[in-house]
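Listed here are the chains, written in short residue letters.
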Amino acid sequence: MVLIFIRRYWITIIGAAAIAGFVGASVLWLAGWTVDSLVEISAKSRGANFAAALEQRGGDVEAFMTGLSRDPDFESDMRRIANMSGIESFSVFDVAGTDIFSTRSDRYSWLLRDRPGGMRLGDRLTASVMDRPGRWELVTDDGTGNPSVVVPLERGEKRIGYVSVVSDIEADRASYREALTQASVILLGVLTLACGVPLLIFLQRRHKIDEADARIEFLATKDTLTHLLNRGKMQEETDRILSTVRATREPMAYFYLDLNRLGEINDACGQAAGDEVLRIVAGRVAGCVGRGDLVARIGPDDFAILKRNTQSAEQLAAFARLLKKTVCQPVVLRERTVMPSISLGCATVSSEARTHSELVKRAELAHFHHKTRSDEDFVLFEASMDEEMHRQRAIEAMVKDAIDKDGFELFYQPIVCGATARLLGFEALIRLKDGAGGHVSPAVFIPIAERRGLIKTIGTWVIEEATRQISLWPEHLFVAVNLSAVQFRDRDLVGIVRGALEKNGLTGNRLEVEIVESLVLDRNDAILDQLSGLRSLGVSIDMDDFGTGYSSLGYLWRFQFDKLKIDQSFMMALESGEANVPQIVSTIVSLAHGMKMKVTAEGVETQKQADFLRQIGCDQIQGFRFGRPGPAAVVEAQFLRPTEAHAFLRQPPETVALLAS
């Protein structure tokens, strides 16, 4: 953390350190200069005072200067005054600047010091010193020893000589230094607090601002879950790179990658597990691209890659194989393992596709085609795919229009008793009117509705319409509807079903709901609570397409279903003579009965299949042998008119089958 902080603000830190160093050096210099100034002032003061004391003796001084009549007492007085003034030694010069008396020699330590009568050292003052006008004090100080000061001696307006004084100031100098050192330290501390605290506050605020800016930049350019580029930044960067293609002629390709069945993973394992799968897949995708390539998350389960310098179709295929091999490795989530799978479409940069929007449109088209051709590693865009996209858009528009204008219709397929072929109820199957008297298959429009988030609205309409219709038919009949996992997400499914039953005056036993087995994969509390709520209404909970999942038996202890519906693929395998199919179907029926569940077999098209199911005790049968799905009016005319219905119910199974066919 500290290293990151230093790396980010190293210029500010160096600048602050330079300023602090400059201030510290300035304070120390100022302290030294102050000491020297104080020493100089003290030396001048002592020299001036000593000179004034000599000048007060008047004639004694002149006599002393001429040497005609020296008074021993005057010399003693001078020595006493010097000693009292803190003067270590002094020298007296005549008006010509010649040394006439010195108390001791600072140059020759071997000379006798301070002897009566003093000594002559032969020193002379320079002309530049003596020519100075007025009163003055000339200080000489090397900063280590005692300073000397030269002061002129005057009597009235007449200059009579000069005196050089060496003051004993070493103790004073040490005191000055100690006091000023302490003051400097305190001053530096005050400056540190005065400048350092605001600096720290500034750096902290700057750090927070930088973090906020980085967060804003991250949110503006990156996907928060996977940390890949987001859609907006991907578009910006792709268009920036593509703007140079005309000049550089660099070959590039745009890949659109979709993670299949993420919704099932979320429903089965929870949203957090789905997010973890997305993060892992994103990391794997990012690990496959080069330094100059771009990779982004552009949708809930959609990724995009701009692959640069793609020289050939073989290179594209090799990259697609690498993606598929890398991404589709198992992902371990707690105690469950998920096998990711992807759909991959690709579009190359061409004269017709030189912008992000054009490339993503073409790559997405190729990706849709790969969903139906999953045996291939990827699908490369072809011009004919545009027509398919127009068809899907037309169907999407039809779905939206059908929601607004009641354009859906329910077909009903009979479900009969396995033992007697007596009519028990119907499965409601949705159809979309195509506006030309025909219908669009659910296999075509349901995936489109799921991708566009319209499936819950459609599912609610199916529940309400199916319950309305069954309320018009005999009370012993039930209707079964299929539920999507999406209908459980908002946790309002029980209320929707209860409202539909109450509105049409039905009891819950006349409605069955069919769900796929993966919906209860992870004992999701929200889903299990809603299933329990439906059961409390009396609604039968059926497991649809039993036998097609990869761990079908594992679901049976997660929720107590009322009925199993054997997938029609078993009837197809039975008809084609596949080995062990009769034993497997018989085992499913026995297993269900052992768990107090009924069994419905779907896709029954022959009498041979019906006879086999009757022999093994299958409770209910559904298939073309007993009736194709049809509109309510057709089903009512065929099975529910009083005369036809009574005759139908009284016939033996063989006759019923003939009537139904």
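Scroll up to find the structure.
Throughout this document, residue positions are counted from 1 along each chain, in the order its sequence is written. Local features in a predicted model are, by the rule used here, given only for residues with pLDDT of at least 70; side-chain atom pairs are given and counted only at 80 or more, and totals for whole chains, interfaces and linings are based on all residues. Excluding hydrogens and water, the side-chain figures rest on all heavy atoms present in the structure.

**Focus: the overall build of the chain**
(1) Moving on: Strands here are runs of E lasting at least two residues and helices are runs of H or I lasting at least four, both read from the DSSP assignment and numbered beginning at the N terminus. Along the backbone of the chain there are 23 helices and 22 strands.
(2) Moving on: Contacts are assigned to residue pairs that have any heavy atoms within 4.5 Å of one another. Across the chain, the fraction of contacts at a sequence separation of at least 24, relative to all contacts at a separation of at least 6, is 64%.
(3) Moving on: Reported accessibility uses the Shrake-Rupley method at a 1.4 Å probe radius. Residues are deemed covered only where the shown protein chains occlude them. Carbon and sulfur atoms make up 55% of the accessible area of the chain, which amounts to about 33,700 Å² in all.

**Some thoughts on the sheet that holds strand β8 (residues 302-308)**
(1) Moving on: Reading across from one edge, β7-β8-β6-β11-β12 is the order of the five strands in this open sheet, with mixed pairing throughout. The outermost strands of the open sheet, each flanked by one partner alone, are β7 (294-297) and β12 (379-380).
(2) Moving on: By the convention used here, strands pair only if DSSP detects at least 2 bridges between them. Strand direction decides the pairing type here: strand β6 (residues 252-259) and strand β11 (residues 342-348), joined by seven bridges, are antiparallel. Note that in β11 the partner of Leu-259 across the bridge is Ile-342.

**A closer look at unusual backbone geometry**
(1) Moving on: One non-glycine residue, Arg-249, lies in the positive phi region at around 55°.
(2) Moving on: Mapped onto the secondary structure, Arg-249 falls in the loop between α8 (245-248) and β6.
(3) Moving on: Positive phi, normally seen in glycine, also occurs at Arg-491, with a value near 60°.

**Notes on the side chain of Thr-226**
(1) Moving on: Structurally, Thr-226 is set in the loop between α6 (170-221) and α7 (231-242).
(2) Moving on: Each residue is assigned to one of three classes by its accessible area relative to the maximum for its type, calculated with a 1.4 Å probe on protein chains only: buried under 20%, partly exposed between the two thresholds, exposed over 50%. Among the residues examined, Thr-226 registers a relative accessible area of 12% and is labelled buried.
(3) Moving on: Polar side-chain contacts of Thr-226 include one of 2.6 Å to the side chain of Asp-223. For the purposes of these results, a polar contact is taken to be a pair of N or O atoms within 3.5 Å, where, inside protein, one atom must be able to donate a hydrogen and its partner to accept one; residues adjacent in sequence count only when each atom of the pair is a side-chain atom.

**A look at the environment of Gln-235**
(1) Moving on: In this fold, Gln-235 is placed in helix α7.
(2) Moving on: It is 9.3 Å that separates the C-alpha atoms of Gln-235 and Val-360, two residues lying 125 residues apart in sequence.

**Here's the deal with a nonpolar patch on the surface**
(1) Moving on: Where nonpolar side chains cluster on the molecular surface, the patch consists of Trp-10, Ile-11 and Ile-14 and spans about 350 Å² of accessible area.
(2) Moving on: Mapped onto the secondary structure, Ile-11 falls in helix α2 (residues 10-55).
(3) Moving on: With a relative accessible area of 58%, Ile-11 lands in the exposed category. Like-charged residues within 9 Å of one another, or nonpolar side chains (Val, Leu, Ile, Met, Phe, Trp, Tyr) within 5 Å, are grouped into patches, provided each residue has over 30% relative accessible area and no salt bridge. Throughout this description, the term salt bridge denotes a Lys or Arg side-chain nitrogen within 4 Å of a carboxyl oxygen of Asp or Glu.

**Quick notes on the sheet that holds strand β5 (residues 158-167)**
(1) Moving on: Strand order in this open sheet of five strands is β2-β1-β5-β4-β3, and the pairing throughout is antiparallel. Edge positions in the sheet fall to β2 (99-102) and β3 (138-140), since each has one partner strand and no second. On average, each strand axis in the sheet is inclined to that of its neighbour by 25°, with strand direction left out of account.
(2) Moving on: Here an axis means a line fitted to C-alpha atoms, over the contact stretch when the element is a helix, while the angle between two N-to-C directions is reported on a 0 to 180 degree scale. Of the strands in this sheet, β1 (87-94), β3, β4 (148-155) and β5 are in contact with α2, which crosses β4 at around 30°.

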